[in-house]
Amino acid sequence: MSPTSHNAPIHRRGLMLILSSPSGAGKSTLTRDLLQDRTLDLTLSISVTTRSRRTSEVDGIHYHFKSRQDFERMRSQDDLLEWAEVHGNFYGTPRPPVEAVLSEGRDMLFDIDYQGTQQVLKRAARDVVTIFILPPSMKELRARLERRAEDAPDVIAKRLENARHEIARWTMYDYVIVNEDIQRALGEVKSILIAERLRRTRGEPGIERFVKGLLDEK
Ligand code: 5GP
């Protein structure tokens, strides 16, 4: 065996990185920035939703916008890894793309709520890493929702009301980040991802082969 042969990357299983937060805590910006960093090689899970499209959103990029009937059909065919009702609309994660990405040993990023997180944890806890993003204050959360100005005032009021309920779920998560400064929060998410990728249990068969090679080296 050549001395450099152990330097090949050690194969590991792909992981599911879940980001949850109340609306307005900056999760969409974080998600966008994480995806733009090509060195991270993250694939976004694009959810299906029955919510109507915002003007800034593109079908197939931000969500797959579906009728209630189509959503229910996907759900009954077990095409959804998880699903939930959030703010009066249905949201769900299509299963086949997740399985395809993970089987390549690559990682998937999810922007889903705590109800979906609970379901994914039930199905595949050892491959899941969960991060909860908090706003620095309720005042700032309200300001961010109002600045976005894409939702009607009654929708904003509903989202603020739900935020309290969602924030109370922080104890379910592996990591908690307060998003006061987006660059710092981004750095924190990246650090978590890099460390979690190195967790021994994710790459055990590959590490075992690597170590065997090391010890067999003459
Ligand atoms: P928004 O309507 O602002 O895009 O999303 C509202 C909430 O739905 C967010 O908290 C987001 O994380 C959550 N969400 C989006 N997609 C999914 C999904 O596929 N499953 C679940 N459980 N929640 C989702």
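Parameters and conventions
- Residues numbered from 1 in each chain as written.
- Predicted model: local features only at pLDDT ≥ 70, side-chain atom pairs only at ≥ 80, totals over all residues.
- Heavy atoms only, no water.
- Helix = DSSP H or I, 4+ residues; strand = E, 2+ residues; numbered from the N terminus.
- Polar contact = N/O pair within 3.5 Å; in protein donor to acceptor, adjacent residues only side chain to side chain.
- Contact = heavy atoms within 4.5 Å.
- Buried < 20%, exposed > 50% of the residue type's maximum accessible area, 1.4 Å probe, protein only.
- Near = heavy atom within 4 Å.
- Areas by Shrake-Rupley, 256 points an atom, 1.4 Å probe, with all protein chains shown as cover.
- 1 Å grid on protein atoms, 1.4 Å probe; cavity = no way out; pocket = protein on both sides within 12 Å on 5 of 7 lines; lining within 4 Å.
- Sits in = over half its atoms within 2 Å of the grid points.
- Nonpolar A, V, L, I, M, F, W, Y, C, P; charged D, E, K, R; others polar.

Draft legend 1. Geometry of the side chain of Glu196. Here Glu196 lies in helix 7 (residues 182-197). Side-chain polar atoms of Glu196 contact the side chain of Arg202, separated by 2.7 Å. Those residues within four positions of Glu196 in sequence are excluded, and the remaining contacts are Leu15, Val129, Tyr175 and Arg202.

Draft legend 2. Highlighting the environment of Asp33. Looking at the secondary structure, you find Asp33 in helix 1 (residues 27-36). Its relative accessible area of 16% is what places Asp33 among the buried residues. For the pair Asp33 and Leu15, spaced 18 residues apart in sequence, the C-alpha to C-alpha distance is 19 Å. If we skip the residues at most four places from it in the chain, Asp33 touches Ile182 and Leu186.

Draft legend 3. Geometry of the site of the ligand. Among the 18 residues in the neighbourhood of the ligand, the closest are listed as Ser47, Arg51, Tyr63, Tyr91 and Asp111. A distance of 3.1 Å is found between an oxygen atom of the ligand and a side-chain nitrogen or oxygen belonging to Arg54. Within the side chain of Glu82, an N or O atom sits 2.7 Å from a nitrogen atom of the ligand. Against a free-state accessible area of 510 Å², the protein chains account for coverage of 95% of the ligand. Here the ligand occupies the largest pocket. Those elements that provide at least two residues to the shell around the ligand are strand 5 (80-86) and strand 6 (89-94). Classifying every residue of the shell around the ligand by side-chain character gives five nonpolar, six polar and seven charged.

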